[in-house]
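Results of the structural survey
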Amino acid sequence: MGLILSIFFGFVPMLFFAWLLYWLDRYEKEPKILLGVVFVWGAAVSAGVAYVINTLIGMGIFIATRSEAVTEIATGSFVAPPVEESLKGLAVLLVFLIFRHEFDSTLDGIVYAGITALGFAATENSYYIYNYGYQEAGYEGLFLLVFVRVFLVGWQHPFYTAFIGIGLAAARFNKNIALKLLFPTLGLAGAIITHSIHNTLATLLSGLGGLIIGTIVDWSGWLFMFGVIIWAIYRERKWIKDHLREEIELNTLSKPQYRTAISAWAQSAARGKALLTGRFLATNRFYNLTAELAYKKHQRVKMGDEGGNTIQIKKLRRELAELSSGVVS
């Protein structure tokens, strides 16, 4: 039963956190299947390979130093951060390279990176809760570790890996080759450094005072990243307002449809009304397409006709015209 509870409390809260990140991406949702793939990558590939590499290098350090203290701080501060962030970051990089058309903004980078990291955290939490909670102190230890791993440090891995997503997003719409290489490198460095700081503090600080200091440092970082997310949402809304305004003149959108398209809350209300009138599928599809149209127009401004943006814009306008009459605004 202890193992089952450890897996439950390791995975279910992280899946809920992943849903929160998905919900925060208000205008142009990422494909659920792709988000599911990166979560599984984090939980299986990143966590599994990192465990093997960290263990082997840790054994090597112990053999060389014969010191558990040196091994603990060396592994936690200098080995685990680059190993784990590189493995998590690889999933985000693959999305960036293979599904480039889905990587549209800073928020997209944060979402893909965060959900990959939450998959990693789910496996790591299950391991810690069972081995260092239940195995050492029974159910009391289990629930204590649940409190620490979920409530106190639950957002640590998404926070670190978000820097990788931000770095790749910054490279996405930059034509300068040097900056295309620099931004992802800085993102990876940011992830490794913040990860290392957390692990170092956790190793050096002990007792209730150390827990409080570590928690304050961690939560300060998370609040900063939440601020970045709010800024990214605000910027996306501005893109959508600017790029869709022209569509009123082109008769792609009516004025009520435009007002709904630029407001996440208005879209939610429209979808709610559509459920009651049997027009949910058309309404949901329509407002998803308005965001996609705005993003394609933004891409064309930034990158020209990369990937056939002009053709995609015409296609989106045709589909919006076909759906328009059956949409709740």
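This text follows the structure it describes.
Residues numbered from 1 in each chain as written. Predicted model: local features only at pLDDT ≥ 70, side-chain atom pairs only at ≥ 80, totals over all residues. Heavy atoms only, no water.

Considerations on a nonpolar patch on the surface
On the surface, a cluster of nonpolar side chains totalling about 870 Å² of accessible area is made up of Y51, V52, L56, M59, F62, I63, Y127, Y128 and Y132. Those elements giving two or more residues to the nonpolar patch turn out to be α2 (32-65) and α4 (106-152). Broken down by element, the residue count for the nonpolar patch peaks at six residues, all from α2. Checked against the element boundaries, V52 lands in helix α2. Residue classification places V52 among the partly exposed residues on the basis of a relative accessible area of 45%. (Patch = residues over 30% accessible without salt bridge, like charges linked within 9 Å, V, L, I, M, F, W, Y side chains within 5 Å. Areas by Shrake-Rupley, 256 points an atom, 1.4 Å probe, with all protein chains shown as cover. Salt bridge = Lys/Arg side-chain N within 4 Å of Asp/Glu carboxyl O. Helix = DSSP H or I, 4+ residues; strand = E, 2+ residues; numbered from the N terminus. Buried < 20%, exposed > 50% of the residue type's maximum accessible area, 1.4 Å probe, protein only.)

Concerning the environment of F120
By the secondary structure assignment, F120 is in helix α4. F120 sits in the buried class, given a relative accessible area of 3%. Between the C-alpha atoms of F120 and N131, which are 11 residues apart in sequence, the distance is 17 Å. Once residues lying within four places of it in the same chain are set aside, the contact partners of F120 are G42, A43, S46, A47, A50, E84, K88 and H157. (Contact = heavy atoms within 4.5 Å.)

Description of helix α6 (residues 177-204)
In this model α6 runs 41 Å from its N-terminal to its C-terminal C-alpha over 28 residues, within 8% of the 40 Å that 1.5 Å per residue would give. Next to the buried residues of α6 lie α3 (68-98), α5 (156-172) and α7 (207-249). A side-chain oxygen of the first residue of α6 lies 2.9 Å from the backbone nitrogen of A178; this N-cap is N176. (Expected span 1.5 Å × (residues − 1). Polar contact = N/O pair within 3.5 Å; in protein donor to acceptor, adjacent residues only side chain to side chain.)

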